[in-house]
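Spelled out, the chains give:
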Amino acid sequence: MLTRLARVRRAVGLERRPPASCAIRLVDAGSCNGCEHELVATGGPHHDLQRYGFAITASPRHADVLLVSGPVTTRMLPALLRAYAAMPEPRLVAALGDCPLGGGVDAHPDEVAGPLERVLPVDIRIPGCPPTPGQIAEGLRVGLAALPPERRPW
Amino acid sequence: MAGIERVGADAWRDRVARGNVAGLHAAIGPDGTPEVRAVLAGETPRLLAVAAPGGVVPTLVDLLPAGWDEREAADLYGLRFEGHDPHRALVHHPDDRDLWATPVVGSDVHTVPVGPVHAGVIESGHFLFHVVGERVLHVDARLFHKHRGLERHAEGRSPEDAGRVLSRVCAGCAVTNAVAYAAATEDALGRVPGEGTRRVRTLLIELERMWNHLNDVSQICAGVGLAPGTMLFATLKERVQRVCALLTGHRFMFDAVTLASAPGDPGDAAREAMRAELAAVAADAATAARGLLFDTSLRDRTSGPGRIDADAVRELGVVGPAARAAGVAADSRTDAPRLWYPGFAAVVPPTPAGDVAARLEARWVELEQAAGIVGELLSAPLRPDAPADTGTGTGHGVGIAESPRGRTVCTVEIRGGTVRRVHLRTGSYANWPAVAVAGTRAILPDFPLVNKSFELCYACVDR
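Everything quoted here is computed from the prediction, not taken from an experiment. (Residues numbered from 1 in each chain as written. Chains lettered and ligands numbered in written order. Predicted model: local features only at pLDDT ≥ 70, side-chain atom pairs only at ≥ 80, totals over all residues. Heavy atoms only, no water.)

**Q** Outline the overall build of chain A, supporting the account with residue identities and numerical values.
**A** If you tally the helices and strands in chain A, you get four helices and five strands. If you list the helices and strands of chain A from N to C, you get α-β-α-β-β-α-β-β-α. The contacts of chain A with a sequence gap of at least 6 include a subset with a gap of at least 24, amounting to 81%. Summed over its atoms, the accessible surface of chain A is roughly 6500 Å², and 54% of this surface lies on carbon and sulfur atoms. (Helix = DSSP H or I, 4+ residues; strand = E, 2+ residues; numbered from the N terminus. Contact = heavy atoms within 4.5 Å. Areas by Shrake-Rupley, 256 points an atom, 1.4 Å probe, with all protein chains shown as cover.)

This is the structure we're talking about:
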């Protein structure tokens, strides 16, 4: 089984990068699960997000980036704000997919508190419905590199 | 066209008890009175309705697994189900725990609240575990954190516009939900899709099943910490999704099935390349599955926990692979006149013990079956019907399709070309109550594994 996986990695010819370090915590704020599937795939063998130094952490308490999917439903807003409050500073917020950016799903206005920038400061935007694994990796790398050096987590 | 029959409160319980009910939902009747509608499955699905004057209607929870349906209807339509006491909130999230959770008392009983934000990259939902030590006495699942009001937002629109709103209910069941909605709408308007469209829709549903089942096996391996299995099945899922993108332009096949259209033929060479790649994926999955079969740590962890046997399947209204894993050979594909399943027979896994291991095995046998259907449908050119106007009309329609998680039932009411009510009861919706029960048949640390063995969507429950 392991040799077969090694073959996948050789076959896609992933480029190795100098490591940085950036811990990401995802909060699903009402997504269709598409962004979650694609984020998991971004960490899988074909894309290997870890090679850029990104790690998905279990807790917002040691996350550099809060990655938010979904249109921010009213029922997820308190949990989203609690996750943000639990993060150490400096902290960044990234919008994953069209929904937190105000597009994507056409939800009932009574049930959503979004778009995301209405409730939290957004530093990085990764559009797509859902963004592909390649777009997620690229969006995180380019988005972080575009920040002023003092705001980058490395 | 699915007719609707309105019965009096006195006959309601008796008629429902004798029917094959595939879900309940509330709606507003023609004279403005709220009513409860039951979908009666069968050769021609029908609707049975009872008026709820003053918002009160007799409960059905003692007759059939309709607990969540009634709780949802109570929250969203303000109905009171006489005999369903106490009502516990489902869609609404009151602060007071007594208003939504079951009280569990006794010496050493304590609660473990988990979520809505979880440690992994998964959807949002809350579980309240009542435990003594590691033994789980009861689980209250509090979902609907992702409620986006999509049904209510779709209502009052044209069938096409309502379909666009519903197209983002759930990524994992995007095709199944779209097919069920299209079938319900076409049923309401008295249309029947041609063979070409039926074949294309069936192809896309089975492709969706392939990537979902590969994903689920990967997730079960993740649940026991078996990284090689997790990653290998993730690569196989990726390969299927790449074919989905080639065929429909989208990795999750969003917007591929609409009322007006379905993807056309990619050409002989491209279609043959897709067929060969999917056959190779199926062969690789079968080889990998044999490897996993002899992984003793995986067998140890998956054999036993979360058992839902055939009696529990019937009592809880379980559908899909979870029902078949308990030896109940029920599958809505055996009776699918609006799709293309000639000679289809439901399959149960070799050891249908109803535990995590059986649900894992169910995925393997269904993968092989789906790959066979996909291979056959890709062997001939795809010729969907020419796009047609939906037209205006009035009627009730029911559409049923088998999602990777089980029977999905969509009900549509159209009046004068406008969608008045649309309700989507997915396989996940039917099965969530069983996950809570299965959680009591495992120790607390095994709940994530039990949960992954069902791998239900939160998005298409919450809507």
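**Q** Describe in detail the interface of chain B and chain A, supporting the description with residues and values.
**A** Counting residues at the interface gives 48 residues for chain B and 44 residues for chain A. Each partner contributes to the roughly 3700 Å² buried at the junction of chain B and chain A, and carbon and sulfur atoms together form 63% of this total. Summed over the shared surface of chain B and chain A, the number is five salt bridges. Across the pair Asp110(A) and Arg152(B) runs a salt bridge whose closest N-O atoms are separated by 3.6 Å. Sorting the residues of the side of chain B that touches chain A by element identifies helix H3 (150–154), helix H6 (195–223), helix H7 (227–248) and helix H8 (268–293) of chain B as the ones contributing at least two each. The leading source of residues in the side of chain B that touches chain A is H7(B), at nine residues. Residue classes in the side of chain B that touches chain A are distributed as 21 nonpolar, 16 polar and eleven charged. (Buried area = accessible area lost by both parts, 1.4 Å probe. Salt bridge = Lys/Arg side-chain N within 4 Å of Asp/Glu carboxyl O. Nonpolar A, V, L, I, M, F, W, Y, C, P; charged D, E, K, R; others polar.)

**Q** Lay out the packing of helix H13 (residues 427–439) of chain B against helix H14 (residues 447–454) of chain B in plain terms, naming residues and giving numbers.
**A** All names here are of chain B. Packing of H13 against H14 brings their axes to within 10 Å, and their N-to-C directions diverge by 150°. The pairing of H13 with H14 is recorded here as roughly antiparallel in orientation. By crossing handedness, the relation of H13 to H14 is classed as right-handed. Mapping the contact onto sequence places Trp432, Ala434, Val435, Ala438 and Gly439 in H13 and Phe447, Val450, Asn451 and Phe454 in H14. Taken together, the residues of the contact of H13 with H14 break down into seven nonpolar, two polar and no charged. (Axes fitted to C-alpha atoms, helices over the stretch in contact; angles between N-to-C directions. Parallel < 35°, antiparallel > 145°, perpendicular 65-115°, else oblique. Left-handed = near helix turned anticlockwise from the far one by under 90°.)

**Q** Lay out the pairing of strand E1 (residues 22–28) of chain A with the relevant residues and their values.
**A** Residues and elements named next belong to chain A. Burial of E1 is extensive: seven of the seven residues sit out of reach of the surface. Neither face of E1 is left uncovered, since the one carrying Cys22, Ile24, Leu26 and Asp28 and the one carrying Ala23, Arg25 and Val27 both have all their residues buried. One ladder, built from three bridges, connects E1 with strand E2 (residues 54–56); its direction is parallel. Bridged to Ala23 within E2 is Ala55. Summarising the sheet, E1 and strand E3 (residues 65–69) pair through five bridges and their orientation is parallel. Bridge assignment links Val27 to a residue of E3, and that residue is Val68. (Buried < 20%, exposed > 50% of the residue type's maximum accessible area, 1.4 Å probe, protein only. Pairing = 2+ DSSP bridges.)

**Q** Explain the environment of Leu444(B) to me, and be specific about the residues and the numbers.
**A** Residues and elements named next belong to chain B. Looking at the element boundaries, Leu444 is found in the loop between H13 and H14. It is 7.8 Å that separates the C-alpha atoms of Leu444 and Val131, two residues lying 313 residues apart in sequence. Residues within four places of Leu444 in sequence aside, it is in contact with Val112, Phe129, Val131, Glu134 and Val136.

**Q** Residues and numbers for the side chain of His84(B), please.
**A** Residue and element names in this part refer to chain B. Tracing the backbone through its elements, the reader meets His84 in the loop between strand E6 (80–82) and strand E7 (110–114). Of note is the side chain of His84, whose polar atom sits 2.8 Å from the side chain of Glu70. Apart from the residues within four sequence positions on either side, His84 is in contact with Thr59, Val61, Gly67, Glu70 and Arg71. (Polar contact = N/O pair within 3.5 Å; in protein donor to acceptor, adjacent residues only side chain to side chain.)

**Q** Break down the domain arrangement of chain B for me, citing the residues and quoting the values.
**A** Residues and elements named next belong to chain B. Domain assignment breaks chain B into domain 1 (4–82), domain 2 (97–142) and domain 3 (150–432 + 443–453). Distance from the C-alpha centre of domain 2 to the C-alpha centre of domain 3: 30 Å. Across the boundary between the two partners, domain 2 contributes six residues, which contact six residues of domain 3. Between domain 2 and domain 3 lies a buried interface of about 610 Å² when both sides are counted; carbon and sulfur atoms form 82% of it. Its largest share of buried area at the contact with domain 3, domain 2 owes to Phe127, Phe129 and Glu134, together 63% of the area lost on that side. The interface formed by domain 2 and domain 3 contains zero salt bridges. At the junction of domain 2 and domain 3, the tally comes to one residue pair in polar contact (both at pLDDT 80 or more). (Domains from an automatic or database assignment.)

**Q** Describe in detail the packing of H6(B) against H7(B), supporting the description with residues and values.
**A** All names here are of chain B. Close contact between H6 and H7 brings their axes to 8 Å; oriented N to C, the two are set at 160°. Judged by the angle between their axes, H6 and H7 are roughly antiparallel. Between H6 and H7 lies a crossing whose hand is left-handed. On H7, the residues touching Leu203, Leu204, Leu207, Met210, Trp211, Leu214, Asn215, Val217, Ser218, Cys221 and Ala222 of H6 are Gly229, Thr230, Phe233, Ala234, Leu236, Lys237, Val240, Gln241, Cys244, Leu247 and Thr248. Partitioning the contact of H6 with H7 into residue classes produces 15 nonpolar, six polar and one charged.

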